[in-house]
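So the chains spell out like this:
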Amino acid sequence: NMVLWLLLGSTLLLLIGMIDDLKVLRPGQKFLGQIVAVICFLKGGFWLKTEFMTSFFNLFLSGFWMLSVINAFNLVDVMDGLAATIAIVVTISFLIITLVFQQYSISLLLAAFLGAVLAFFFYNKPPAKIYMGDAGSMFLGGFLSAIPLLISWSSQSVYAYYTPVVILAVPLLEIFLLVVISTWLGIPFYSGSPHHFYIYLQKKGWSKNKVLIFT
């Protein structure tokens, strides 16, 4: 049942992204589609399960987390191989944690996902032969936002809940800084922006491969 809801939510994100790639959706339409996908994840049980917060706040925080990660991956897809590289690092990190926690069913799911992303990266690295688009970036974000909500962080420490934030710090910081900079400049944060950190590095003379290694 949980896997079916995960597949349904991920497929919805994939379809929304495909429509946006073919015919650009308005930000509100795109965001509404993401909310429906997140509701599927929540329906499948992908939400924080803690005793120190109310169920309603857990659901709200989990939904906000997933929407943030989905849009973060969507925003960092500004360069050949970038979103895929971040996804590979994040997936390996979660895979190691699930192996240490002996949650082998999640490890198997992550291993299969990692294999698919590695194969994609082979053709997406600079110079790219295929491109991710919104369909791919939102799919990556949806999957990697849901997986941490399955891991038993409470079995280790209350501070373990911060681990996914640290692992996903790169895309989350990118979306945070873009919102801050866009707001400061009076630009709607949901519109396209040239103020990406990775674009800044390239303007400073960094090659695409050097940016990927730095990431």
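Computed from a predicted model, the values in this text were never measured in an experiment.

What counts, and where the lines are drawn
- The residue count restarts for each chain, going from 1 along the sequence in the order it is written.
- Reporting of local features is limited, given that this is a predicted model, to residues whose pLDDT is at least 70; pairs of side-chain atoms are given and counted only at 80 or more, and all residues count toward the totals for whole chains, interfaces and linings.
- Each side-chain value is worked out from all heavy atoms of the structure, with water and hydrogens disregarded.
- The salt bridge criterion pairs a side-chain nitrogen of Lys or Arg with a carboxyl oxygen of Asp or Glu, the two atoms within 4 Å.
- A helix here means a DSSP run of H or I that spans at least four residues, while a strand means a run of E at least two residues long, and both kinds are numbered starting from the N terminus.
- A 1.4 Å probe rolled over the protein chains alone gives each residue an accessible area, and that area as a share of the maximum for its type sets the label: buried under 20%, exposed over 50%, partly exposed in between.
- Axis lines are fitted to C-alpha atoms, over the contacting stretch for helices. Their N-to-C directions set the angle, which ranges from 0 to 180 degrees.
- Any angle that is under 35 degrees is reported as roughly parallel, and any over 145 degrees as roughly antiparallel; angles of 65 to 115 degrees are reported as roughly perpendicular and all others as oblique.
- Contact definition: two residues touch when any of their heavy atoms are within 4.5 Å.
- Basically, the charged four are Asp, Glu, Lys and Arg, the nonpolar ten are Ala, Val, Leu, Ile, Met, Phe, Trp, Tyr, Cys and Pro, and anything else, Gly included, counts as polar.
- Pairs of N or O atoms within 3.5 Å make up the polar contacts considered here, provided that, within protein, one atom can donate a hydrogen while the other can accept it, and that residues adjacent in sequence are counted only when both atoms are side-chain atoms.
- Crossings are assigned a handedness: left-handed for a near helix turned anticlockwise from the far helix by less than a right angle, right-handed for a clockwise turn.

Below, the discussion takes up the pattern of salt bridges. One pass over the full model with this rule turns up 2 salt bridges. Between K30 and D134 there is a salt bridge whose closest N-O contact spans 3.0 Å. Taken together, the residues span a long stretch of sequence, with K30 in helix α2 (residues 27-43) and D134 in helix α6 (residues 133-146) at a distance of 104 residues. The exposure classification of K30 matches that of D134, with both residues buried. Linked by salt bridges that have partners in common, D20, K30 and D134 make up one network.

Helix α8 (residues 169-185) packs onto helix α3 (residues 55-76) with a crossing angle of 85° between their chain directions and a minimal axis gap of 8 Å. Taken together, the axes of α3 and α8 lie roughly perpendicular to each other. Residues W65, S68, V69, N71, A72, F73, L75 and V76 of α3 touch α8, and the partners they reach there are P171, L172, E174, I175 and L178. Its residues assigned to classes, the contact of α3 with α8 comprises 10 nonpolar, 2 polar and 1 charged.

A separate point is unusual backbone geometry. With an omega of -10°, the peptide bond between P126 and P127 qualifies as cis. Mapped onto the elements, P127 comes out in the loop between α5 (104-124) and α6. The residue Q102 is not glycine, and still its phi comes out positive at about 60°. Residue placement: Q102 occurs in the loop between α4 (82-100) and α5.

What follows concerns the side chain of T85. Within the secondary structure, T85 sits in helix α4. One polar contact links the side chain of T85 to the main-chain carbonyl oxygen of G81, over a distance of 2.6 Å. Setting aside chain neighbours within four positions, we find T85 in contact with F121 and L212.

A few words now on the packing of α2 against α6. Look at α2 against α6: their axes get within 11 Å of each other, and the N-to-C directions meet at 35°. Classified by chirality, the crossing of α6 by α2 is right-handed. Residue-level inspection shows K30, Q34 and F41 of α2 in contact with α6, the latter providing D134, M138, G142 and A146. A class-by-class count of the residues in the contact of α2 with α6 yields 3 nonpolar, 2 polar and 2 charged.

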